[in-house]
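Breakdown of the fold
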Amino acid sequence: MEDRLMEEYRQSLPEGFRLIGRHRIYIIDKYISAGSNSIVYQAFYQDSLMPGHRHVILIKELYPLDEMGRITRAADGSLVIDPSAEEFLRPHRESFLAGNHAHLTIAENGSGRIADNLDSFEANNTLYTVLTSRKGRVLAELLEEDITFPTVTHTVQFLKNLLLALSAFHQQKLLHLDISPDNIFVLEAEDGKLSTDIILLDFNSVYSQNSDWQYDNYYVGKAGYMAPETVLQRRGEFGPWSDIYSVCAVWYELLSGEKLPDMELVYGSELISPYSRLLLHEKERTALQVNQILKKGLEIQPKKRYQEIGEIQSDLDRLLNILSGADREPIINPRAEQDARRKKTRRAVTALACLIFLLAGTGTGILLEKMLKPEGQSMEHTELDLTQFPLETDDSVVLTEKNIRHPLENNIMTMPVQSSMSVRVNLKDYSHPRDLSEVFETYGIFTIYNGEGDKRGWQFADLTYDFFYTPDNAIHMELPLQDKNEFPLEYIGVIFANYNYTETSVVLDIKDCTLVDGEGISHEITELEGSHILYFDEENWQWNLLSEQNKNYVRDFQDIYGGKLIVDAEAGYLDPLLEVTWESDNPDVATVDEKGRIYANRQGQATITVTIEDKHTGEIRKTQMLVHVRSKLG
Amino acid sequence: MNMTEEQIVRFLNQRVEMWSFSRLLHENYSGKIPLQMLLSEKLTEYKGMRGEDTKGTARKIRNWLNDVNRPVNRETLFQICFAMGLDEESADKVLCSTAESGIHYRNPREMIYAFCLRKSYDYPKAQELIRRLEERRDPGERQEQLSARNLPQEERYLTISVRDEFKSVQSEDELIRFLEKYRRSLGVRHNTAYAKFSLMMSQLIEGGSGNEEIGIVPGEKRYSLKQVTDQYLRMGIPYERKSRSYSRLQKEIKKHWPSAKTMEEMYSGKADVNRKTLLLLYFATEGMDPGIQEENYAGEHCRRINLMLSECGMALLDPHNPFDFLILQSLRIKNEDDSMSRRMERFLWQVFKGSMAYINPADETGKM
């Protein structure tokens, strides 16, 4: 690419051009970039003592883009300005001077976040500013190339550096008023990667709250980053909060990958989704704090926004502590509390209304009962003790209601009338030959853990397995537990799916299910170990084998952090191995089909017997369960 | 000040009786020639130049200056501004007060008018510039009516950004260059307004009330445009078009009120999204949020509405405009169970008491 700007209407200074400043001569090295107001070059000047050495600098030249071609470059490098362009040039010159004045003022008071203004002078019928040269790129270019920060922490560091740069302005009662990715220069890190260090560019929109400021800028920012008071040109409302708004708009873009939406039509506590790229693997409190900062920074009314940089810096520091784990205090979400209060009020009102209704109904009922019941009879409330029903059970045949996280208690299952539910059989200590005649194509399996209250749902680190790739329908799975969130560990499990959606019967042997906690201690999850008899069809194509046995050993994600969930599983078809039959002693109450699906027909109790015959050894195992069918009202 | 609905309507009726088009013109005119004579001479010249019928011009001007009626055509309003020698800012105010919106800074024709008013050029000069611009266009090219949906992201310039840049245009050549530079995104449609219109309409069509979270009412079904208009935007305004029996205040409020037909035209991009519709949509959606606390309610929504209007290049809320006054008063809700739309409906009921809103049998066939 030619290192020279050759627009239709502008021509940059050529390489090697000698630009004579007030105190030294600068040699143009190459063209760097151009905006609507100026062109930037890389240049150098020779060291006074050791002329063989160069000082590399940047030079900014006032050369507004005039599409009528009235500002041209003469052969000697000077700008030729047509008289008809004078009026066009005037505001650009004012902006350049205002920016230069602000730059010098800030630099005099010491700031590491803007390029040093080494000199400024008039030459070639235009104006020049000499700046220190730094390696890096403009943020806008990086965003266009989808180069972004890898973590929330990086964006926060970036933001703090940006605010530090801005603070130099605000200390001088100056406002930048044009914070956007175009004006943020990201310095190159030593290893050549994207750093969080920045310098601020382009002060042409600078606005002073000092009465002796003699410049009047016409340009106050870019659409999408401008604070509402700047959009509305309410100069009396400009303040440090106006720049803070723009800073938050940039941060929003870094976090979401998109520009701010119509802010006057958006309200709510969640501008960035907790499921977004950068927040997905962070703690839930991180998302809360991020959104609270954005909400306050992007308030429509200036007085509700952060009033000065120190305030937002403080909240960002807290965010960093949350990210590092140093801060574990709960975040109060005012919007959620407000909604909860509203819900509570409405529920209270509804509940009161229901109560009044019920009381009225009950009162009527009581009255009717008294009228109908003969005198002298007492009605005792009796509760049925289901454990008194005799059952023949075999401990090696464990029954579990589908999707329930523990086996049937006392082999009793309660169901409402007119419903159906499957029961899963888990054979303990069942040894059998392996049937490897077929590959279990398109069956998938993976292990999961779930936090209580974790809206993300099952966590499985994207580790899913396909039996197709195994030589012997056996899979070894290790799920690393690296979750930094602080949820209680609710349950763990194995998910087994038949992606053929065909009708098949399978035995899934879970040979080993071990939870290794953060201290390296292994805990055997015996509830999931065993040979699970599973029936698949078009409707039931996935079985979730879940257990809460983890609660006996660990409490929360912190306890398991650094550990893993190890599962060894083997799959094979049921038919070659076992004959399974189900029957009910009271079909009027409950029936059962050949796959263990129980249908509750009317209220009462029924005993279901499952008989399992090993086709190889002839061994028969049998167990019974009680089905208590209750009314739908409970 | 906190007023009851009856007090507000009485107040507005009094103000509307005082405020008039003739007064507006006289307040903005500082010449020595009698206004009626000036307008008669100038408008006759302008209309003759455009080949329009000049008969009846004098009568129309008499009617305007006697407040019998007023011009509704924007071209005529611009001609009046040129005739009176108004500058750009004053012309914008006249348009804001009289027409549906001020100068449209996305309409090339109106931008040429704005430039000419800024430079104190006369109307014939403006017509000459319009011709020059049209001549520069390729013979086969037609000005595309680009909607916000069609434009690439980078070309959806905010109207306000375009207007800011337009401020620096000082010469005719700069004007032509500017208009050519923004040719693709300039059009007679408020692109930004359409984007906001779509956003709010989709909420009403999809019925996102948020109540399903509370579990008290079921989620609303998807609405048609007609249902959205009748349910949310009509607010009891009478359908009847003949307005002879209406008071000045009623006419002022009812003007440009969206109907199912106009909503359909706006939604499909055939017609411009007007300011009143945008404001009513804001009210119907409560600014897309029910959650602003009572103590901040009026100030917050006022600022949001002005931001929305500003980004669409529309006039900000003006308490001197009767409809805007109702808007501002409707924002002063009494408690958290009240809402701006309900308050507005109560005001409108007071304004149109006795003129019940009803569905004309003709509506069932789609005719108004």
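Before any of the text, the structure's been laid out above.
By convention here, each chain's residues receive numbers from 1 onward along its written sequence. Key to labels: chains lettered from A, ligands numbered from 1, both in the order written. For this predicted model, a pLDDT threshold of at least 70 governs which residues receive local features, and a threshold of 80 or more governs which side-chain atom pairs are given and counted, while totals over whole chains, interfaces and linings are taken from all residues. Only hydrogens and water are set aside; all other atoms, that is, all heavy atoms of the structure, feed into the side-chain values.

Re the overall build of chain A
Our working rule: Here a helix means four or more residues in a row that DSSP labels H or I, a strand means two or more in a row labelled E, and each is numbered from the N terminus. Working definition of accessibility: Shrake-Rupley area with a 1.4 Å probe, residue cover restricted to the visible protein chains.
Across its full length, chain A carries nine helices and 30 strands. For chain A, the accessible surface area stands at approximately 31,100 Å², while carbon and sulfur atoms represent 49% of it.

Remarks on the pattern of salt bridges
We count it as follows: Put simply, a salt bridge is a Lys or Arg side-chain nitrogen that is within 4 Å of an Asp or Glu carboxyl oxygen. Buried, partly exposed and exposed residues are distinguished by accessible area as a fraction of the type maximum, computed with a 1.4 Å probe on protein chains only: under 20%, between the cut-offs, and over 50%, respectively.
Counted according to the given criterion, the structure contains 39 salt bridges over all chains. The partner of A:K564 in a salt bridge is A:E478, with the nearest N and O atoms 3.1 Å apart. A residue pair is termed long-range when its members are at least 10 positions apart, and A:K564 in strand β25 (residues 564-573) and A:E478 in strand β19 (residues 474-480) qualify at 86 residues. We classify A:K564 as partly exposed; its relative accessible area is 31%. A:K615 is paired through a salt bridge with A:D575; the nearest N and O atoms lie 3.4 Å apart. Taken together, the residues A:K615 in the loop between β29 (604-614) and β30 (620-630) and A:D575 in the loop between β25 and β26 (578-584) connect sequence positions 40 residues apart. Among the ionic contacts, a cluster of salt bridges with common partners joins A:K295, A:E299, A:K304, B:E300 and B:R304.

Here we look at helix α3 (residues 35-49) of chain B
Residue and element names in this part refer to chain B. The line we're drawing: Take the residue count of a helix, subtract one, and multiply by 1.5 Å to get its expected span. The arc in question is the one spanned by the directions pointing from the helix axis to the C-beta atoms. In this description, contact between two residues means that some pair of their heavy atoms is separated by no more than 4.5 Å.
The end-to-end C-alpha distance of α3, which contains 15 residues, comes to 21 Å, matching closely the 21 Å that a straight helix rising 1.5 Å per residue would cover. All of the buried residues in α3 are L35, L38, L39, K42, L43, Y46 and K47. The buried residues of α3 occupy an angular sector of 135° when the element is viewed end-on, so they sit on one face. Turned more than 90 degrees off the buried face of α3, the exposed positions are M37 and E41. On the buried face of α3, the contacting elements are α2 (21-28), α4 (57-65), α5 (74-84) and α8 (123-136). Where α3 terminates, the next one or two residues include G51, which has phi positive at roughly 75°.

Observations regarding the sheet that holds β30(A)
Residues and elements named next belong to chain A. Just so we agree on the cut-off: In this description, strands pair whenever DSSP reports at least two bridges between them. A fitted line through C-alpha atoms represents every axis, and for helices the fit uses only the stretch in contact; the resulting angles, taken between N-to-C directions, go from 0 to 180 degrees.
Spatially, the four strands line up as an open sheet ordered β15-β30-β29-β26, and their pairing is mixed. Only two strands of the sheet have a single neighbouring strand rather than two, namely β15 (412-416) and β26. The mean inter-strand angle of the sheet, taken between neighbouring strand axes irrespective of direction, is 25°. Pairing of β26 with β29 involves seven bridges; the strand directions are antiparallel. In the strand pairing of β29, W582 is matched with V610.

Overview of the packing of helix α11 (residues 191-206) of chain B against helix α13 (residues 225-233) of chain B
All names here are of chain B. Quick note on the threshold: In this scheme, roughly parallel covers angles under 35 degrees and roughly antiparallel covers those over 145, while 65 to 115 is roughly perpendicular and the rest are oblique. Residue polarity follows a fixed list, in which Ala, Val, Leu, Ile, Met, Phe, Trp, Tyr, Cys and Pro are nonpolar, Asp, Glu, Lys and Arg are charged, and the others, Gly among them, are polar.
Viewed as axis vectors pointing N to C, α11 and α13 meet at an angle of 90°, and their least axial separation amounts to 10 Å. The angle between α11 and α13 falls in the class roughly perpendicular. In this structure, α11 uses M201, L204 and I205 to contact α13, whose residues at the interface are L225, V228 and Y232. Tallied by class, the residues present in the contact of α11 with α13 amount to six nonpolar, no polar and no charged.

Details of the nonpolar core
The line we're drawing: The nonpolar core is taken to be a set of buried Ala, Val, Leu, Ile, Met, Phe, Trp, Tyr and Cys residues, with the residues joined through side-chain atoms within 4.5 Å.
Core analysis: the biggest nonpolar cluster contains 61 residues, and A:F158, A:I184, A:L200, A:W251, A:L294 and A:L316 have the highest contact counts within it. Among the elements of the structure, α1 (86-108), α2 (139-144), α3 (152-171), β11 (184-188), β12 (194-200), α5 (240-256), α6 (284-297) and α7 (309-324) of chain A are those that each provide at least two residues to this core. Those residues in contact with A:L294 that lie beyond four places of it in its chain are A:C248, A:W251, A:Y252, A:L255, A:L271 and A:I272. Residues B:V228, B:L278, B:L280 and B:L331 belong to the second largest nonpolar core, which totals 47 residues.

Quick look at the packing of α3(A) against α7(A)
Residue and element names in this part refer to chain A. Just so we agree on the cut-off: Each helix crossing is assigned a hand: it is left-handed if the near helix lies turned anticlockwise from the far helix by less than a right angle, otherwise right-handed if that turn is clockwise.
Viewed as axis vectors pointing N to C, α3 and α7 meet at an angle of 160°, and their least axial separation amounts to 10 Å. What the angle tells us is that α3 and α7 run roughly antiparallel. For the element pair α3 and α7, the recorded crossing hand is left-handed. Along its contact with α3, which presents V152, T153, V156, Q157, L159, K160, L163, L164, L166, S167 and H170, the element α7 presents I309, I312, Q313, L316, D317, L319, L320 and L323. Tallied by class, the residues present in the contact of α3 with α7 amount to 12 nonpolar, five polar and two charged.

Some thoughts on the sheet that holds strand β18 (residues 465-466) of chain A
Residues and elements named next belong to chain A. Pairing is antiparallel across the open sheet formed by four strands, whose spatial order is β18-β17-β20-β24. What marks the edges here is a single partner per strand, and that holds for β18 and β24 (542-547). Bridge count between strand β20 (residues 489-498) and β24: six bridges; the pairing is antiparallel. By the bridge assignment, I492 is partnered in β24 with S547.

Concerning the packing of aromatic side chains
Residues and elements named next belong to chain A. Just so we agree on the cut-off: Pairing of aromatic rings covers Phe, Tyr and Trp, the last through its six-membered ring, and needs centres within 6.5 Å; plane angles under 30 degrees mean stacked, over 60 mean edge-to-face, and all others mean tilted.
Scanning the entire structure with this criterion turns up 21 aromatic pairs over all chains. Consider the rings of F446 and F460, whose centres lie 4.9 Å apart with planes at 45°: the pair is tilted. Residue F446 is located in strand β17 (residues 443-451), and its partner F460 is located in the loop between β17 and β18; the two are separated by 14 residues in the primary sequence. Residue F446 is classed as buried on the basis of its relative accessible area, which comes to 10%.

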